[in-house]
Amino acid sequence: EFRRVLFRSKGWHTGAVLPGMLPSEKLDVAIAIDTSGSITNEMVCDFLGEVKGMLEMFDSYEVDIWCFDTSVWNHQKFASDTGEDITTYEMDGGGGTDFMVNWQFMREQGLEPKQLIMFTDGEPWGEWGEPNYCDTLFVIHSNPKKVSPFGITTHYEDHQAK
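The text that follows walks through the structure, step by step, so that each part is easy to find. All figures in this text were calculated on a predicted structure; none of them were measured in a lab. (Residues numbered from 1 in each chain as written. Predicted model: local features only at pLDDT ≥ 70, side-chain atom pairs only at ≥ 80, totals over all residues. Heavy atoms only, no water.)

## Some remarks on the overall build of the chain
Alright, step 1. Within the chain, the secondary structure is distributed over two helices and six strands.
Alright, step 2. Secondary structure elements of the chain occur, N-terminal to C-terminal, as β-α-β-β-α-β-β-β.
Alright, step 3. The 162 residues of the chain split such that 51% are buried.
Alright, step 4. Of the contacts formed within the chain by residues at least 6 apart in sequence, a portion of 63% connects residues at least 24 apart. (Helix = DSSP H or I, 4+ residues; strand = E, 2+ residues; numbered from the N terminus. Buried < 20%, exposed > 50% of the residue type's maximum accessible area, 1.4 Å probe, protein only. Contact = heavy atoms within 4.5 Å.)

Structure (structure tokens):
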């Protein structure tokens, strides 16, 4: 079970292009957070801290966020104009790791994001997802040699202050 976590306020920078790269543009993405059994509470804190930091970089945003293991949990929408605070988001999960549930969920919900950002340790049971559904950025934590077979891969540790 995941505990509620406090967020770090920091930026996150990669060579990846996020939809709405200028602070004055609107960020419109979907975020999937791996909460399988191999994900530690420290990793969850890191993931959610990065989401908070990303949202703070934009004046305007609309974000669909959910967590997943072998199912999708707690889908919520956060927008800059609603006054909702991302720090209220609660995690669920703790089972195996099936990346495909994210694409199945998006299809069922009619979600067609400009980009899916998946925070994970990069250890799915099977397929990594659908390469042609949407642009995908995989942020892989604690697995520096793992590279996704499509989309853009970045490693969490590569972007931390030394």
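What follows continues from the structure just given.
## Quick word on the pattern of salt bridges
Alright, step 1. Taken as a whole and assessed by the stated rule, the structure comprises five salt bridges.
Alright, step 2. We note a salt bridge from lysine 77 to aspartate 64, for which the minimum N-O separation is 2.9 Å. Of this pair, lysine 77 sits in strand 3 (residues 72-79) while aspartate 64 sits in strand 2 (residues 60-68), placing them 13 residues apart in sequence.
Alright, step 3. With relative accessibility at 12%, the residue aspartate 64 sits in the buried group.
Alright, step 4. Across the pair lysine 146 and glutamate 123 runs a salt bridge, and its minimum N-O distance is 3.8 Å. Residue lysine 146 is found in the loop between strand 5 (135-140) and strand 6 (152-155), and its partner glutamate 123 is found in the loop between strand 4 (115-120) and strand 5; the two are separated by 23 residues along the sequence.
Alright, step 5. Lysine 146 gets classed as partly exposed once you look at its relative accessible area, which sits at 26%.
Alright, step 6. The class for glutamate 123 is partly exposed, based on a relative accessible area of 38%. (Salt bridge = Lys/Arg side-chain N within 4 Å of Asp/Glu carboxyl O.)

## Focus: the nonpolar core
Alright, step 1. Core analysis: the biggest nonpolar cluster contains 44 residues, and Ile31, Ile33, Ile65, Trp66, Trp103, Leu116 and Phe119 have the highest contact counts within it.
Alright, step 2. Of all the elements in the fold, those that place two or more residues in this core are strand 1 (26-34), helix 1 (41-56), strand 2, helix 2 (100-109), strand 4 and strand 5.
Alright, step 3. Looking at which element gives the most residues to this core, the answer is helix 1, with seven residues. (Core = buried A, V, L, I, M, F, W, Y, C linked by side-chain atoms within 4.5 Å.)

## Topic: the sheet that holds strand 1
Two pairing modes exist for strands in a sheet, parallel and antiparallel, and in both the strands are linked by backbone hydrogen bonds.
Alright, step 1. Here six strands make up an open sheet; going across it, the order is 3-2-1-4-5-6 and the pairing mixed. The open sheet has two edge strands with one neighbour each: strand 3 and strand 6. In this sheet, adjacent strand axes meet at a mean angle of 20 degrees when their direction is disregarded.
Alright, step 2. Relative to strand 6, strand 5 runs parallel, the two being bridged by four bridges. (Pairing = 2+ DSSP bridges. Axes fitted to C-alpha atoms, helices over the stretch in contact; angles between N-to-C directions.)

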